[in-house]
Amino acid sequence: MKKVIIQLGTLTCPSCMQKIEQGLSQQTGVEKVKVLFNASKVKVEINEKDIQPEDLSKTIEALGYDVEGMKVKELA
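Residues numbered from 1 in each chain as written. Predicted model: local features only at pLDDT ≥ 70, side-chain atom pairs only at ≥ 80, totals over all residues. Heavy atoms only, no water.

**Let's talk about the pattern of salt bridges**
- Counting across every chain of the model gives 1 salt bridge.
- For K2, the salt bridge identified is with E74, shortest N-O distance 3.8 Å. In this pair, K2 sits in strand β1 (residues 2-8) while E74 sits in strand β4 (residues 67-74), placing the two residues 72 residues apart along the sequence. (Salt bridge = Lys/Arg side-chain N within 4 Å of Asp/Glu carboxyl O. Helix = DSSP H or I, 4+ residues; strand = E, 2+ residues; numbered from the N terminus.)

Below you can see the structure in the form of structure tokens.
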């Protein structure tokens, strides 16, 4: 399992948050998704056997949002 923290461009409305959470949670291998609206960050726990961090960025960008950075950490 990995924890991925994605820095987004500024989110402008709460519906943006819901759209990103729904889009990512539908991906195979995504275990948990939390969008931090005020910080414009997304925290995602993934099973790297099914999905890679780069796939998360592609999904977010396909939804129309900018990805400005990403950090990946191993979960114990």
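**Section: the sheet that holds β4**
- Read from one edge of the open sheet, 4 strands run β2-β3-β1-β4, paired in antiparallel fashion. On the outer flanks of this sheet lie β2 (30-36) and β4, each paired with one strand and no other. For this sheet, the mean angle separating the axes of adjacent strands, direction not counted, is 15°.
- Across 7 bridges, β1 lies against β4 in antiparallel orientation. In the sheet register, K3 faces β4, and the bridge partner there is K73.
- Along the sheet face, helix α1 (residues 14-25) touches β1, β2 and β3 (41-46) and points at about 170° away from the line of β2.
- With respect to the sheet, helix α2 (residues 53-62) is in contact with β1, β2, β3 and β4, its orientation differing from that of β4 by roughly 150°. (Pairing = 2+ DSSP bridges. Axes fitted to C-alpha atoms, helices over the stretch in contact; angles between N-to-C directions. Contact = heavy atoms within 4.5 Å.)

**Quick look at α2**
- Of the positions making up α2, those classed as buried are P53, L56, S57, T59 and I60. Buried residues along α2 cover an arc of 160° about the axis, so they all sit on one side. Those residues of α2 that are exposed and aimed more than 90 degrees away from the buried face are K58 and A62.
- Those residues of α2 that are buried lie in contact with β1, α1, β2, β3 and β4.
- Directly after α2, the chain includes G64, whose backbone phi takes a positive value near 100°. (Buried < 20%, exposed > 50% of the residue type's maximum accessible area, 1.4 Å probe, protein only. Arc of directions from axis to C-beta.)

**Description of the nonpolar core**
- Within the largest apolar cluster, 16 residues are counted, with the highest numbers of intra-cluster contacts made by I20, V42, L56 and I60.
- Elements that contribute at least two residues to this core include exactly β1, α1, β2, β3 and α2.
- Dropping the residues within four chain positions of it, V42 is found in contact with V4, I5, I6, L8, I20, L24, V33, K34, V35 and I60. (Core = buried A, V, L, I, M, F, W, Y, C linked by side-chain atoms within 4.5 Å.)

Just geometry here; none of it tells us what the structure is for.
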